[in-house]
Amino acid sequence: MKKHDQNERDLKAIDTNTGIASIFLLVALAFLLSRGILPAWLIRIPEALVPPLAVWLDLIFNFIKDDLHLIDLTRAISGGLEVLLDITANLLYGRNRWPKLGPIPWAAVCASFVVLAYYLGGLRLALLALVTFVWTALIGQWKIAMQTMSVLTLAAPFAVLIGLGLGITAWKFRTFDKSIRPILSVLQTLPFFTYLLPAVIFFKVGPTAGAVATIMFAVPPMILMTTLGLRKVSTEIVEAGHMSGCTRWQMLRRVYIPAARTEILVGVNQVIMLCLAMVVLTAFIGMPGLGAKLLAMMGSFKIGRSFEIGITIVLFAIMLDRMSKAWVMKQPVHFDRGTQWWHRHKYFLLSLLAFVFFLLLSQLIPILAEVTRKQSFSQGKEIDKIIKGFLAIDSIKNTTEWLRWFLNVKVLIPFRNSLLWIPTPAFILIIMGLGWYLAGKKEALIAGLFFTIVAITGWWDRSVITLYTVISAVVLATFIGIPLGILAARSTKWSSRILLACDTAQTFPSFIYLIPAIMLFGVNDVAVVFSILIFAAVPLTRYTIEGLRGVPPEMVEAADMSGATRFQKLLTVQLPLALPTMGVGFNQAINFAFFMVIIAAFIGTQDLGQELQRTLAGTELGKNFVLGMNVSLMALSFDFIITKWTETRKQALGLG
């Protein structure tokens, strides 16, 4: 009876939402039909009415920076970070600073990592580590890889410690948790350029600013996972700790943190991957390493060399991802009392022994210490010739040229112009109407408020172009991701293979997706959309498979017994039940697209990303923040609407 009443209420709510959404859409339609007679201020907000938000923010930032002397504190911190970065840089690639012990031979680093990988995940993971380091050394990229790793080895531990501390605080104090949640939501949707300029202004250009931006970018998931893990600790474990007489510190260190180990280590995995993604992107602010080299090679259109560097980044990403995930899965080993010390730490000793052995051996065999440029096996020029030869094949050339023409002339440009033609109030009403229909009043009003703020910042047209790119890429990605997911979900074998491919693709730093786009389509809107749709298709595929595979078997059997065909079963049973899970995929795809559209500014766009990139050449911190805020507000609007729709749909289907 209660369930029936709840369903009745849900149906009434849906009817109400549909009615009010229709009113919003009808008013928006009235704006569209009367556009020719609308006054100019109803088409776009006049410049005279746009508040100078960037100027006000610059005044606030300058007051904090200069009058409150925050820059003195940050420069002091910068000095300490610079010392630590000099140590890691000296050890890993031989920067001539204290302690002047480096560079460590690549073979010694490789050997110790191989032993560690074997301990964490067995032979396959050890082989992956071996291939990664041998490839990097023999291809002549060891130094630039270690420039990247020198920042990563410092930024990741700092991000973990800061996130752990703030996560524990949020777990202990509900008020702090409630106040920090909205900030974390914004931080996770801010474009990466928004992190770079403050880091440059407060912490100097180069590795120091790169490390700070990387730490800021990677902290939010560590906070969230720490809080989640500590809250999931069972009351039985807590009571056992109290009964054993633990103090508050002992309860935290010996009860709560060990019990929340899995969630905390998942947070560590996310920190490592975000740090690697960001440390590559800090090439835009003078950070040397793989990102800077990739940026330079792509800028000069040396696709072969870009391809080699891309493989190096991907190998490091996959290796670090697999090792950190293996750490999450590996349970602590408990030894009997009296077990000898060397037996307890045998893998650590083996790793140290391998390190020392190859350190000494490299003194006798120089190639184990350093692979010089003449000794490297780089085939960049040859790969360039192969790629150019492949693209010069008439069928390939004609196909890419036709596709570029068709998408540009027939799809993308008309769609962009259509969105730009819509009056601002009508655009906001359309967003609110769709939000009210899908999610309800609260989410529609939030979306309307957020898009209104975007409108009054004075960057409406650039924001619409950004949104056009995101929508275009996600729609096109839908035509790839969902059919691929449906096909893969039919077979357990293919599901596992495609999910493994999705997991691997999600570890790729975003720069990698620009390479095939530039190769095939050059530098234009099609390349931008293509690079984003590859990135966005991954979560769509993944969650389509998971949604379809998660449909209760009894529902499928009932459809079979009723004589439904495979297509009818898919359309009437499987897809409706899988939609809430697929909604999570759509949400991730849109967030990925907003992130990637800023990266694609490197190709050359007319959106917010291009303006954000320009701010890095100066000190326009206010403008940088306003542009980043616009991206964040649009992304959050879709996030709130889709999340609420997913929750409502699950409840209606009795799935959650």
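### A look at the overall build of the protein
No. 1: In terms of regular secondary structure, the protein is built from 29 helices and 0 strands.
No. 2: On C-alpha atoms alone, the protein measures out to a radius of gyration of 27 Å, which is about the 26 Å that the 2.2 N^0.38 rule sets for 656 residues.
No. 3: Taken along the three principal axes of its C-alpha coordinates, the protein extends 80 × 65 × 60 Å.
No. 4: Counting every position in the protein, which comprises 656 residues, the buried fraction comes to 48%.

### As for the nonpolar core
No. 1: With 183 residues, the main nonpolar core has F192, L196, F427, F451, F511, L514 and F594 as its most contacted residues.
No. 2: Broken down by element, this core gets its largest block of residues, 14 residues, from helix α7 (residues 142-172).
No. 3: F427 has contacts with L419, I422, F451, W460, V464 and L467, leaving out every residue within four places of it along the chain.
No. 4: Of all hydrophobic cores here, the second largest spans 8 residues; its members include I482, I486, L548 and L570.

### Focus: the packing of aromatic side chains
No. 1: Taken as a whole, this structure holds 25 aromatic pairs when the rule is applied.
No. 2: Judged by centre distance (6.1 Å) and plane angle (55 degrees), the ring pair of F415 and Y468 falls under tilted. Taken as a pair, F415 in helix α19 (residues 394-421) and Y468 in helix α22 (residues 460-489) lie far apart in primary sequence, 53 residues in all.
No. 3: For F415, a relative accessible area of 27% gives the class partly exposed.
No. 4: A relative accessible area of 2% means that Y468 is categorised as buried.
No. 5: Grouped by ring-pair contacts, the aromatic residues F192, F193, Y195, F217, F284 and F595 constitute a single cluster.
No. 6: Sitting over the ring of Y119, K330 keeps its end group 4.8 Å from the ring centre.
No. 7: Seen from the ring of W494, R497 lies directly overhead, with NZ or CZ sitting 4.9 Å from the centre.

### Details of the pattern of salt bridges
No. 1: What the rule picks out here adds up to 14 salt bridges.
No. 2: Residue R462 is joined to E611 by a salt bridge in which the shortest nitrogen-to-oxygen separation is 3.3 Å. With a gap of 149 residues between them, R462 in helix α22 and E611 in helix α28 (residues 608-615) connect regions that are remote in the sequence.
No. 3: Residue E611 is classed as buried on the basis of its relative accessible area, which comes to 5%.
No. 4: Taken together, the salt bridges that share partners define one network made up of R462, E611, R614 and K623.

### Thoughts on the packing of helix α20 (residues 424-438) against helix α21 (residues 441-456)
No. 1: For the pair α20 and α21, interaxial distance at closest approach is 8 Å and the crossing angle is 155 degrees. With respect to α21, the element α20 is oriented roughly antiparallel. Crossing of α20 over α21 shows right-handed handedness. Counting all contacts with α20, which are made through T424, F427, I428, I431, M432, G435 and W436, the residues of α21 involved are K441, A444, L445, A447, G448, F451, T452 and A455.
No. 2: Taken together, the residues that form the contact of α20 with α21 break down as 10 nonpolar, 4 polar and 1 charged.

### Focus: the side chain of T544
No. 1: Here T544 lies in helix α25 (residues 525-549).
No. 2: The class for T544 is buried, based on a relative accessible area of 1%.
No. 3: Polar contacts involving the side chain of T544 include one to the main-chain carbonyl oxygen of L540, which spans 2.6 Å.
No. 4: Sequence-distant contacts of T544, that is, excluding residues within four places in its chain, are made with I482, G485, I486 and M582.

### Section: the packing of α25 against helix α27 (residues 566-599)
No. 1: Running from N to C, α25 and α27 point in directions that differ by 150 degrees, and their axes come no closer than 7 Å. Between α25 and α27, the angle falls in the class roughly antiparallel. Read as a crossing pair, α25 and α27 show a hand that is right-handed.
No. 2: Looking at the contact of α25 with α27 residue by residue, the class counts come to 19 nonpolar, 7 polar and 1 charged.

### Quick notes on a nonpolar patch on the surface
No. 1: A contiguous nonpolar surface patch, about 670 Å² in accessible area, is contributed by W341, W342, F348, L352, V356 and L360.
No. 2: Of all the secondary structure elements, the ones that give two or more residues to the nonpolar patch are α16 (341-344) and α17 (346-364).
No. 3: At 4 residues, α17 tops the list of elements feeding residues into the nonpolar patch.
No. 4: Tracing the backbone shows L360 in helix α17.
No. 5: Residue L360 is classed as exposed on the basis of its relative accessible area, which comes to 55%.

### Thoughts on unusual backbone geometry
No. 1: Residue H69 is not a glycine yet carries a positive backbone phi of 60 degrees.
No. 2: Its place among the elements puts H69 in the loop between α3 (53-67) and α4 (70-93).

### Some remarks on a positive patch on the surface
No. 1: On the surface, a cluster of positive charge is made up of K293, K302, R373, K381 and K385.
No. 2: Secondary-structure assignment places R373 in the loop between α17 and α18 (380-392).
No. 3: Judged by its relative accessible area of 80%, R373 is exposed.

### Looking at helix α24 (residues 514-521)
No. 1: Inspection of α24 places L514, I515, A517, I518 and F521 among the buried residues, and these make up the whole buried set.
No. 2: In this structure, the buried residues of α24 make contact with α14 (290-299), α15 (303-329), α19, α25 and α27.
No. 3: Directly after α24, the chain includes G522, whose backbone phi takes a positive value near 75 degrees.

### Considering the environment of P198
No. 1: Tracing the sequence through the fold places P198 in helix α9 (residues 193-203).
No. 2: According to the relative accessible area criterion, P198 is buried, its value standing at 19%.
No. 3: In this structure the C-alpha to C-alpha distance between P198 and Y256, which are 58 residues apart in sequence, comes to 36 Å.
No. 4: Look past the residues within four positions of P198 in its chain and what remains in contact with it is F203, L621 and N624.

### Section: α15
No. 1: With 27 residues, α15 extends 38 Å between its outermost C-alpha atoms, agreeing within 8% with the 39 Å of an ideal straight helix rising 1.5 Å per residue.
No. 2: The buried fraction of α15 amounts to 21 of the 27 residues, a majority that puts the element mostly inside the structure.

### Thoughts on the environment of E308
No. 1: Within the secondary structure, E308 sits in helix α15.
No. 2: Since its relative accessible area comes to 2%, E308 is described here as buried.
No. 3: On a C-alpha basis, the gap between E308 and R337 in space is 51 Å, while along the polypeptide they are 29 residues apart.
No. 4: The contact partners of E308, leaving out residues within four places of it in the chain, are W135, I139, Q141, S378, Q379, G380 and I383.

Quick notes on the rules
Residues numbered from 1 in each chain as written. Predicted model: local features only at pLDDT ≥ 70, side-chain atom pairs only at ≥ 80, totals over all residues. Heavy atoms only, no water. Helix = DSSP H or I, 4+ residues; strand = E, 2+ residues; numbered from the N terminus. Rg over C-alpha atoms; globule rule 2.2 N^0.38 Å. Buried < 20%, exposed > 50% of the residue type's maximum accessible area, 1.4 Å probe, protein only. Core = buried A, V, L, I, M, F, W, Y, C linked by side-chain atoms within 4.5 Å. Contact = heavy atoms within 4.5 Å. Phe/Tyr/Trp six-rings, centres within 6.5 Å; stacked < 30°, edge-to-face > 60°. Lys NZ or Arg CZ within 6 Å of the ring centre and 35° of its normal. Salt bridge = Lys/Arg side-chain N within 4 Å of Asp/Glu carboxyl O. Axes fitted to C-alpha atoms, helices over the stretch in contact; angles between N-to-C directions. Parallel < 35°, antiparallel > 145°, perpendicular 65-115°, else oblique. Left-handed = near helix turned anticlockwise from the far one by under 90°. Nonpolar A, V, L, I, M, F, W, Y, C, P; charged D, E, K, R; others polar. Polar contact = N/O pair within 3.5 Å; in protein donor to acceptor, adjacent residues only side chain to side chain. Patch = residues over 30% accessible without salt bridge, like charges linked within 9 Å, V, L, I, M, F, W, Y side chains within 5 Å. Areas by Shrake-Rupley, 256 points an atom, 1.4 Å probe, with all protein chains shown as cover. Lys, Arg positive; Asp, Glu negative; His and termini not counted. Charge placed at Lys NZ, Arg CZ, Asp CG, Glu CD. Expected span 1.5 Å × (residues − 1).

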